[in-house]
Amino acid sequence: MRLQCEVEVLSRLLPTCGLRGRGRAARALVSLGRPPGAAGAGIYLMVCTARDRGGARYKVGAAAAAAAGGTWRGSPGRPLSPLCPQVQQNVERLFTRFVEEGKATVRLREPAVDLCLSKANVINLKTFLSAVRLAHQGTDTGVLPLSPLVPAKNSDVEKPKTKMIITSRRDYPLTKSFPFSLEHLQTSYCKLARVDSRVLSLRKLRKLDLSHNHIKQLPATLGELVCLQELDLHDNHLEAFSAALCSSGLQKSLQLLDLSQNQIRALPLEFCQLRGLVQLRLDDNALLRLPCRIGQLSRLRCLSAARNKLPFLPCDFRKLSLDNLDLFGNPFEQPNPLVPNIQLKIPLTLLECAARAAVNHR
């Protein structure tokens, strides 16, 4: 049984020496098992970190046979000695009050330390603590999900990577997958013709920068990145923005959208469903109009649509509460002034009306 989490080992003896025992938690792989090649040995917890991949071992309980009333075998030529109860039950207490937050503490008798676990997957943590409890009680090892106590790999104890920046096609990973822990990914100047399907599985992404590529179309599955807050598509070959994306989970999460330097002529009516937008950049496109319901973007504060082909702004535009607006370089049409066509008509006199009637009817 293995658990990836952060571990802090606290000695309960330090305060008696006038020392502070609080340190820093480290990314670790915690294993529950027996040393390799030691079939009759007890069960241990092993904590492996990046500094100590070999791991530190802490005894949990004895082998099942000993726990049931058996004995430890001594060195050759010496009689069997009875099992020491203190060794059999080395786990003094499990603190699980905050297990729903991925936190727990395993208190050991010998040595007098607390193993403080944090940032663990809740389900995995509960399973791991159950296994520790069973091992402590002397459950048959055939039932327990034990793991070999071997040194951890670098990938097991390294801190999860949250940011990756790739700025050349040469550095773009073709065989390796992207770390699922990524929150910020930039792949610029890579000549990408489409969005990599591996990127669409990064559910923790908050910022995705695909600028300076050759992307022509966005997949609808991009909307499944429900944590995405910033999407940069600057300098690509986009001709449209998918209406399906406007109706996806991006409605609430997306705050910054950069579509500048593309070939977009119009945005769909559904675009105004992206009501979480705070910044919108549409510079250097071929826009002929803005969405007629753009006033629904109530959180929008920065709008840039310079160097397009906008002849006018929609009436709904006045509902926006903008802090920054850039519409430079658009061929806005001058409104035609209303030329009054008023002709004053003075009533004819009775004499002139009679004269005209006589001329017309003679």
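This one's a predicted model, so the numbers in the text were calculated from it and none came from an experiment.

A.B. asks: Whenever I open this one, the environment of F241 confuses me. Can you help?
C.D. replies: Within the secondary structure, F241 is located in the loop between strand 14 (230-232) and helix 5 (243-246). Sequence-wise, F241 and R265 are 24 residues apart; in three dimensions their C-alpha atoms are separated by 9.8 Å. Residues contacting F241, with those up to four places away along its chain left out, are L218, C246, L257, L259, L267, P268, F271 and L274.

A.B. asks: What's the story with the packing of aromatic side chains in this structure? I'm lost.
C.D. replies: Each aromatic ring pair is described using two quantities: the centre-to-centre distance and the angle formed by the ring planes. Summed over all chains, the structure comprises two aromatic pairs. Ring geometry for Y172 versus F178: centroids 6.0 Å apart, planes at 75°, classification edge-to-face. A residue is classified by how much of its surface remains accessible, and Y172, at 9% relative accessible area, is buried. For the ring pair F241 and F271, a centre distance of 5.7 Å and an interplane angle of 80° mean the geometry is edge-to-face. One end of the pair, F241, is in the loop between strand 14 and helix 5; the other, F271, is in the loop between strand 15 (256-258) and strand 16 (279-281), and 30 residues separate them in sequence. Accessibility classification places F241 together with F271 in one group, the buried group.

A.B. asks: Please clarify how the pattern of salt bridges should be interpreted in this entry.
C.D. replies: One side chain can pair with another of opposite charge once the charged atoms of both are near each other. Evaluation of the coordinates by the stated rule reveals 14 salt bridges. We note a salt bridge from E100 to K126, for which the minimum N-O separation is 2.6 Å. Taken together, the residues E100 in the loop between strand 7 (91-95) and strand 8 (104-108) and K126 in helix 3 (residues 122-136) connect sequence positions 26 residues apart. Its relative accessible area of 54% is what places E100 among the exposed residues.

A.B. asks: How should I be thinking about helix 3 in this particular structure?
C.D. replies: Residues separated by three or four positions in an α-helix point in the same direction, a consequence of the helix having 3.6 residues per turn. The end-to-end C-alpha distance of helix 3, which contains 15 residues, comes to 21 Å, matching closely the 21 Å that a straight helix rising 1.5 Å per residue would cover. Among the residues making up helix 3, those that are buried are L125, F128, L129, A131, V132, A135 and H136. Down the axis of helix 3, the sector holding all buried residues measures 160°, keeping them to one side. One side-chain oxygen of the residue at the start of helix 3 lies 3.1 Å from the amide nitrogen of I123, identifying that residue as N121. G138 sits one or two positions beyond helix 3 and adopts a positive phi of about 85°.

A.B. asks: Hey, could you run me through the nonpolar core in this one?
C.D. replies: Burial of nonpolar side chains together is a common tendency in soluble globular proteins. Ranked by internal contacts, the top residues of the largest apolar core, which has 48 residues, are L208, F241 and F271. Contributing elements (two or more residues each) for this core: strand 11 (163-166) and helix 5. Contacts of F271, omitting those with residues within four sequence positions, involve F241, C246, L257, L277, L280, P291 and L297. Ranked by size, the runner-up nonpolar core spans 29 residues in total, among them M1, V30, Y58 and L125.

A.B. asks: Would you explain unusual backbone geometry in this entry?
C.D. replies: Backbone phi values are negative for most residues with the exception of glycine, while trans is the configuration of most peptide bonds. A cis amide bond, omega 0°, links E110 with the succeeding residue P111. Even without glycine at this site, D235 takes up a positive phi of about 60°. Tracing the backbone shows D235 in the loop between strand 14 and helix 5.

About the criteria used
- Residues numbered from 1 in each chain as written.
- Predicted model: local features only at pLDDT ≥ 70, side-chain atom pairs only at ≥ 80, totals over all residues.
- Heavy atoms only, no water.
- Helix = DSSP H or I, 4+ residues; strand = E, 2+ residues; numbered from the N terminus.
- Contact = heavy atoms within 4.5 Å.
- Phe/Tyr/Trp six-rings, centres within 6.5 Å; stacked < 30°, edge-to-face > 60°.
- Buried < 20%, exposed > 50% of the residue type's maximum accessible area, 1.4 Å probe, protein only.
- Salt bridge = Lys/Arg side-chain N within 4 Å of Asp/Glu carboxyl O.
- Expected span 1.5 Å × (residues − 1).
- Arc of directions from axis to C-beta.
- Polar contact = N/O pair within 3.5 Å; in protein donor to acceptor, adjacent residues only side chain to side chain.
- Core = buried A, V, L, I, M, F, W, Y, C linked by side-chain atoms within 4.5 Å.

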